[in-house]
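Here is what each chain is made of, one letter per residue.
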2 protein chains.
Amino acid sequence: MDTTTLIDLFAANPDRGSQYSASACGLYFDYSKDHLTEQTLDYLFKLADAAQLKPAIQKMFNGELVNNTEGRAALHVALRGGGGGGGGGVSAASKAGQKANQHLKKVVQFATQIRQGQIKSSTAKPFRNIVNLGIGGSDLGPRLVVSAFPEHYHTTLQTHFVANIDSDALTATLKQCTPDTTLFIVSSKSFSTLETLNNADRANTWLRQAGIEGQLLDRHFVGITGHRDAATQWGIAQDRIFTVEDWVGGRFSLWSSIGLPIAIALGTEPFQQLLEGAREMDEHFRYTPFEANLPVLHGLQAIWHINFRNYKSRAVLPYVHRLGQLPAYLQQLMMESLGKTTTKEGAAVDFSTGQIIWGSEGTNGQHSFHQLLLQGTDRQSIEFIATRSAHCEAGSHRHLNSHCLAQSRALMEGKSQALAYEELLAEGASPDEADRLAAHKSVPGNRPSNTLLLDDLTPRCLGALLAFYEHSVYVQSVIWNINAFDQWGVELGKEMGNELFLLLNKTETMSVAHEQMDSSTRSLLGCLHNSIDGPRES
Amino acid sequence: MDTTTLIDLFAANPDRGSQYSASACGLYFDYSKDHLTEQTLDYLFKLADAAQLKPAIQKMFNGELVNNTEGRAALHVALRGGGGGGGGGVSAASKAGQKANQHLKKVVQFATQIRQGQIKSSTAKPFRNIVNLGIGGSDLGPRLVVSAFPEHYHTTLQTHFVANIDSDALTATLKQCTPDTTLFIVSSKSFSTLETLNNADRANTWLRQAGIEGQLLDRHFVGITGHRDAATQWGIAQDRIFTVEDWVGGRFSLWSSIGLPIAIALGTEPFQQLLEGAREMDEHFRYTPFEANLPVLHGLQAIWHINFRNYKSRAVLPYVHRLGQLPAYLQQLMMESLGKTTTKEGAAVDFSTGQIIWGSEGTNGQHSFHQLLLQGTDRQSIEFIATRSAHCEAGSHRHLNSHCLAQSRALMEGKSQALAYEELLAEGASPDEADRLAAHKSVPGNRPSNTLLLDDLTPRCLGALLAFYEHSVYVQSVIWNINAFDQWGVELGKEMGNELFLLLNKTETMSVAHEQMDSSTRSLLGCLHNSIDGPRES
């Protein structure tokens, strides 16, 4: 493929655009602007067969312990009504589905009562501000979905998201809230997440300073967790704890009780539609032959990009302002799932795995990093996302879409130095000047990109889109034989963070650092101690 | 270096931490956790000499035409009072400095009058909302600086930033504003930026719908531009146009009139301190020997990472919530400046240039993409940023800093499989289980990272930090002999966008597409036309 250009591929096949596209569940996926052919796909499908992708998909849906290092199933599909043989069965998946239904009912009921003002604050007022305290999977998913659909917001109810332990994050949010009409959702699967509990304590103090104390505090906190005991011990009232099962991974959890802020902010109907859209994609993924299976095609193409084309990053570029949070969401979903070097059996991989995921809402990036995409030295995986029906004013929507299509064309077609030269002459440049500038104005082209069109910016379509990415991630993990559902790498930083906190807090003396830590860490600690302790030069 | 670990380097030199650090202008830069030695640095300094870095720095400060493809100087340093021999000279830099002074005076005066309510709206009220309409360089810099210092906000004045042409962006902002107390800043060097002018037109309509028409509209718009005529033609009043000189590049322009929203939002004193901090870094960069020159060290290290270590991306991780916009800002600064394949003389480069820049505020990323940084297959350039004095509550600050230091330690030290095995046994795992899990819980380590400590989160320190990055970019561009100050690559997408808009808007018929465009673009246009035209299946 190194000697074949995308232009060549299109010239050779007048139907390439439609042939290398597939659609399902309100999603149109065009992967034709990529260096792949029928032969490439054929190889990739063979690779999928060799990796036993088909049985692996069934295993996930059946609730087998695909998360082998934690001895768990990964049954986020059960949250959407999929998995197993439906209700009534005795399989792991069916049981999970029943649990999920129970939890969902509670979430929906509670959200409705909050939204309608039936559940009131400690001063018998309807709540006006909901503050979700959570980080990672307890933050990014709900944050994305809530920010995508302001048209569903309740007129007198605002939903906020606070993740960082940096007190400025919560402070900025609390400026917009009044204590006696604010409800805090403390969202942590383990109910031991440092950042979240710190913010919960801070919220508690804020309420108490406003005179909301004792039993009254109960009315201002909700807990979402897999560890009911820990939540109880912290002080969440029994009737305010919503359960997350251990077969739901944090980054796959917006469909679970973790989605409570979605149900409150948007209403339960949009939340159900979100689940419904995801369920449709689940079924598509489970039953569609690979040749027309969107997540399979996407996942295998990622393998092609990463292991055969050496594309080190993936730019996610939604041409939809309200999907501005999507790159951050996918960053977690993909990088935390696929940033692994160890196979499921514990061997070291000898190939590349997950890419760096990054991006921003289009058209903004065109005035920033697109320069590098177009004229930089390396190719990347690039994902353009746009909507078919106008999600905003019609004229503005046409601009967004024309730019979206134009960027993918510019990446593919480029501009030859000869053409740049001609254009410069036509603009009145002297031959010398045109000669001098033509190279700078030329664009190499032959750079791939995908385009994903959503039928509408609706909860249903977004649900399908997010499930599409989840399943693409699973496909990649199966091909690489890694576990997409654990994240052991982050534990070490937590341990070391605790150690260093004791030093910075002066609970321990620096002798520990001198014995155990490198001179860089010691110097940095020295800098920080100086600042905490005494006056510095101005 | 492939066989030397970071741990080896630290073991070999007990003072490595302080030796491979440098500080200036309120910034402490630790680059010791990297695979480099005195010899590496020596080679890099020789490379800098061979590339004539020293004279290149002087050329920039002297106002020579370092932006050769546009025939311009790059005199952002003049905006900070640097460049040339100071005021009174006749050099390009001195003249630029004088111009900059004049513009700055006007900006400061206007900002003060807005802030103090002396300049009033069309209904003689003080302004309550300032909406900056700009994209790329007219957005990211002011957005970053304003969001970093809420402590300087005026109590009754809110500043908003709207970049995207997607009408939802402006709509969301206008919900928070009242027409007769809202001032729009239309910020566009060319005053022809599609997104910005679209939003300006939308703002105009919004005001007119509220009865603010004719001459009254003048009181609600400010223009910041290098093209006064275009601004006048659009309808900005003469006394409301602030000039940006052509020797200021968009991504280097927050120090210019483009910084007006900063001066309004924070007050003119913090804006001056920002400039002052940058000026200090300018002098440091200009006069300090390379061995202790922060931007030179940083830029040369980037060359080491990109051209010799093959690190394809740089994660920017500020452990400061209020610097959450920094990654997006640096994304433009670095990727738009360094995403080039053509030398200044027009030859194709045969080495890698700019990296992908991405990141987010810490600690959030620890619950998301750090998994890949720690256990993924590729090394990246990683930049931790923290503050010495507490910018937030003391306890929260200590947590941020302990995590920041812990992440860089975890990346470097890792955890061996043997240690993971021992820990598992100690936690009660059976030898079999410990054996099965140890590989998953081990962390490879030997991964580099930088740590930057800011003395304080103040405008002065932030000014120094941003100038530090600007100059690092220039250093890299000089070594590669590319022009850091142009961005020709983005033009092609604009041209193609205009063409496609005519098709989507049906101003032109699809026959144009059939003659000129690939079948992917045609299929996508077909999808979009279907949606615009008729009913779709639900």
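Residues numbered from 1 in each chain as written. Chains lettered and ligands numbered in written order. Predicted model: local features only at pLDDT ≥ 70, side-chain atom pairs only at ≥ 80, totals over all residues. Heavy atoms only, no water.

**Quick look at the packing of aromatic side chains**
Residues and elements named next belong to chain A.
Phase 1 of the analysis: Under the defined criterion, the tally for this structure stands at 28 aromatic pairs over all chains.
Phase 2 of the analysis: On the numbers, 6.0 Å between centres and 50° between planes, the contact of Tyr319 with Phe384 is tilted. In this pair, Tyr319 is assigned in the loop between strand E8 (313-318) and helix H15 (326-338) and Phe384 in strand E10 (residues 381-387), connecting sequence segments 65 residues apart.
Phase 3 of the analysis: Residue classification places Phe384 among the buried positions, given a relative accessible area of 0%.
Phase 4 of the analysis: Through pairs of rings, three or more aromatic residues link up here, namely Tyr20, Phe29, Tyr31, Phe468 and Tyr469.
Phase 5 of the analysis: Note that Lys54 overlies the ring of Phe290, its terminal NZ or CZ placed 4.5 Å from the centroid. (Phe/Tyr/Trp six-rings, centres within 6.5 Å; stacked < 30°, edge-to-face > 60°. Helix = DSSP H or I, 4+ residues; strand = E, 2+ residues; numbered from the N terminus. Buried < 20%, exposed > 50% of the residue type's maximum accessible area, 1.4 Å probe, protein only. Lys NZ or Arg CZ within 6 Å of the ring centre and 35° of its normal.)

**Description of the interface of chain A and chain B**
Phase 1 of the analysis: On the side of chain B, 136 residues touch chain A, which itself brings 136 residues to the contact.
Phase 2 of the analysis: Interface area, chain A with chain B, both sides summed: about 11500 Å², of which 59% is carbon and sulfur.
Phase 3 of the analysis: Linking chain A with chain B are ten salt bridges, by the criterion used here.
Phase 4 of the analysis: Lys312(A) is the salt-bridge partner of Asp378(B), the closest N and O atoms lying 3.2 Å from each other.
Phase 5 of the analysis: If you look at where chain A meets chain B, you find 62 residue pairs in polar contact (both at pLDDT 80 or more).
Phase 6 of the analysis: Examining the composition of the side of chain A that touches chain B, we find that 15 residues originate from one element, helix H17 (residues 394-413) of chain A, more than from any other.
Phase 7 of the analysis: When the residues that make up the side of chain A that touches chain B are grouped by side-chain class, the tally is 42 nonpolar, 61 polar and 33 charged. (Contact = heavy atoms within 4.5 Å. Buried area = accessible area lost by both parts, 1.4 Å probe. Salt bridge = Lys/Arg side-chain N within 4 Å of Asp/Glu carboxyl O. Polar contact = N/O pair within 3.5 Å; in protein donor to acceptor, adjacent residues only side chain to side chain. Nonpolar A, V, L, I, M, F, W, Y, C, P; charged D, E, K, R; others polar.)

**A closer look at the domain arrangement of chain A**
Residue and element names in this part refer to chain A.
Phase 1 of the analysis: Each domain of chain A was delimited in the assignment, giving domain 1 (20-49 + 291-480), domain 2 (105-271) and domain 3 (492-531).
Phase 2 of the analysis: Each of domain 1 and domain 2 has a C-alpha centre, and these two points are 35 Å apart.
Phase 3 of the analysis: Carbon and sulfur atoms make up 68% of the surface buried where domain 1 meets domain 2, a total of about 1600 Å² over both sides.
Phase 4 of the analysis: At the surface where domain 1 touches domain 2, the tally comes to two salt bridges.
Phase 5 of the analysis: The closest approach of N and O atoms between Arg251 and Glu336, which form a salt bridge, is 3.4 Å.
Phase 6 of the analysis: Taken together, the connections running from domain 1 to domain 2 amount to five residue pairs in polar contact (both at pLDDT 80 or more).
Phase 7 of the analysis: Those elements that place two or more of their residues in the side of domain 1 that touches domain 2 are H15 and helix H20 (459-480).
Phase 8 of the analysis: Per element, the largest residue contribution to the side of domain 1 that touches domain 2 is seven residues, and it comes from H15.
Phase 9 of the analysis: Across the side of domain 1 that touches domain 2, the residue classes tally to ten nonpolar, five polar and four charged. (Domains from an automatic or database assignment.)

**Structural notes on the relation of the copies chain A and chain B**
Phase 1 of the analysis: Mapping chain A onto chain B leaves a residual RMSD of 0.0 Å; the transformation is a rotation of 180° accompanied by 0.0 Å of translation along its axis. What the superposition gives is, in effect, a two-fold axis relating one chain to the other. Rotation axis and chain A: the residue whose C-alpha lies nearest the axis is Trp358(A), separated from it by 3.1 Å.
Phase 2 of the analysis: Looking at chain A, 100% of its interface residues are interface residues in chain B too, so the copies touch through the same face. (Least-squares fit on C-alpha atoms with pLDDT ≥ 70 in both.)

**A closer look at the sheet that holds strand E11 (residues 450-454) of chain B**
All names here are of chain B.
Phase 1 of the analysis: If you trace the six strands from one edge of the open sheet to the other, you get E1-E2-E11-E10-E8-E9, paired in mixed fashion. The open sheet is flanked by strand E1 (21-24) and strand E9 (356-359), the only strands paired with a single partner. Shown here is a sheet whose adjacent strand axes are inclined to one another by a mean of 20°, direction ignored.
Phase 2 of the analysis: Two elements, strand E8 (residues 313-318) and E9, share four bridges in a ladder whose sense is parallel. Bridging across to E9, Arg314 finds its partner in Ile357.
Phase 3 of the analysis: Contacts from helix H14 (residues 294-308) reach E1, strand E2 (27-30), E8, strand E10 (381-387) and E11 within the one sheet, and its direction differs from that of E2 by about 30°.
Phase 4 of the analysis: Lying on the sheet, helix H15 (residues 326-338) is in contact with E8, E9 and E10; it crosses E9 at an angle near 175°. (Pairing = 2+ DSSP bridges. Axes fitted to C-alpha atoms, helices over the stretch in contact; angles between N-to-C directions.)

**Observations regarding the packing of helix H21 (residues 489-504) of chain A against helix H17 (residues 394-413) of chain B**
Phase 1 of the analysis: Relative to each other, H21(A) and H17(B) sit at 130°, their axes nearing to 7 Å. Here H21(A) lies oblique to H17(B), going by the angle between them. When you trace H21(A) past H17(B), the crossing you get is right-handed. Contact residues: H21(A) offers Leu492(A), Gly493(A), Met496(A), Gly497(A), Glu499(A), Leu500(A), Phe501(A) and Leu504(A), while H17(B) offers Gly395(B), Arg398(B), His399(B), Asn401(B), Ser402(B), Leu405(B), Ala406(B), Gln407(B), Arg409(B), Ala410(B) and Glu413(B). (Parallel < 35°, antiparallel > 145°, perpendicular 65-115°, else oblique. Left-handed = near helix turned anticlockwise from the far one by under 90°.)

**Comments concerning the state of the cysteines**
Phase 1 of the analysis: Inspection of the entire model under this criterion finds zero disulfides over all chains.
Phase 2 of the analysis: Of all cysteine sulfurs in the structure, the one in Cys461(A) sits closest to Cys25(A), which takes part in no disulfide; the separation is 9.1 Å. (Disulfide = S-S within 2.5 Å.)

**Examining the sheet that holds strand E1 (residues 21-24) of chain A**
All names here are of chain A.
Phase 1 of the analysis: What the six strands build is an open sheet, ordered E1-E2-E11-E10-E8-E9; its pairing is mixed. Of all the strands in the sheet, the pair left with one neighbour each is E1 and strand E9 (356-359). Within the sheet, the average angular offset between the axes of one strand and its neighbour, ignoring direction, is 20°.
Phase 2 of the analysis: By the bridge criterion, five bridges tie E10 to strand E11 (residues 450-454) in an arrangement that is parallel. The residue bridging Phe384 from the neighbouring strand is Thr451, located in E11.
Phase 3 of the analysis: Against the sheet, helix H14 (residues 294-308) makes contact with E1, strand E2 (27-30), E8, E10 and E11, and its axis sits at roughly 30° relative to E2, the strand it touches most.

**Things to note about the side chain of Gln476(A)**
Residues and elements named next belong to chain A.
Phase 1 of the analysis: By the secondary structure assignment, Gln476 is in helix H20.
Phase 2 of the analysis: The buried category is assigned to Gln476, whose relative accessible area is 4%.
Phase 3 of the analysis: When residues no more than four places from it in sequence are discounted, the contact partners of Gln476 are Gly299, Ala302, Ile303, Ile306 and Leu338.

**Comments concerning the nonpolar core**
Phase 1 of the analysis: Counting 288 residues, the largest nonpolar core has Leu260(A), Leu326(A), Leu260(B) and Leu326(B) as its most contacted members.
Phase 2 of the analysis: Not counting the four nearest positions on each side in its chain, Leu326(A) is found in contact with Leu144(A), Val316(A), Pro318(A), Ile385(A), Leu465(A) and Leu466(A).
Phase 3 of the analysis: Within the second largest apolar cluster, 22 residues are counted, among which are Leu174(A), Val186(A), Ala200(A) and Trp206(A). (Core = buried A, V, L, I, M, F, W, Y, C linked by side-chain atoms within 4.5 Å.)

**Focus: the pattern of salt bridges**
Residue and element names in this part refer to chain A.
Phase 1 of the analysis: For the structure shown, the criterion picks out 48 salt bridges over all chains.
Phase 2 of the analysis: The partner of Arg80 in a salt bridge is Glu470, and the shortest N-O contact between them spans 2.8 Å. Pair noted here: Arg80 is in the loop between helix H5 (76-79) and helix H6 (92-115) and Glu470 is in helix H20, with a separation of 390 residues, a long-range link. Just as Arg80 is buried, Glu470 falls in that class too.
Phase 3 of the analysis: Beyond isolated ion pairs, a larger network of salt bridges with shared partners links Arg80, Asp282 and Glu470.

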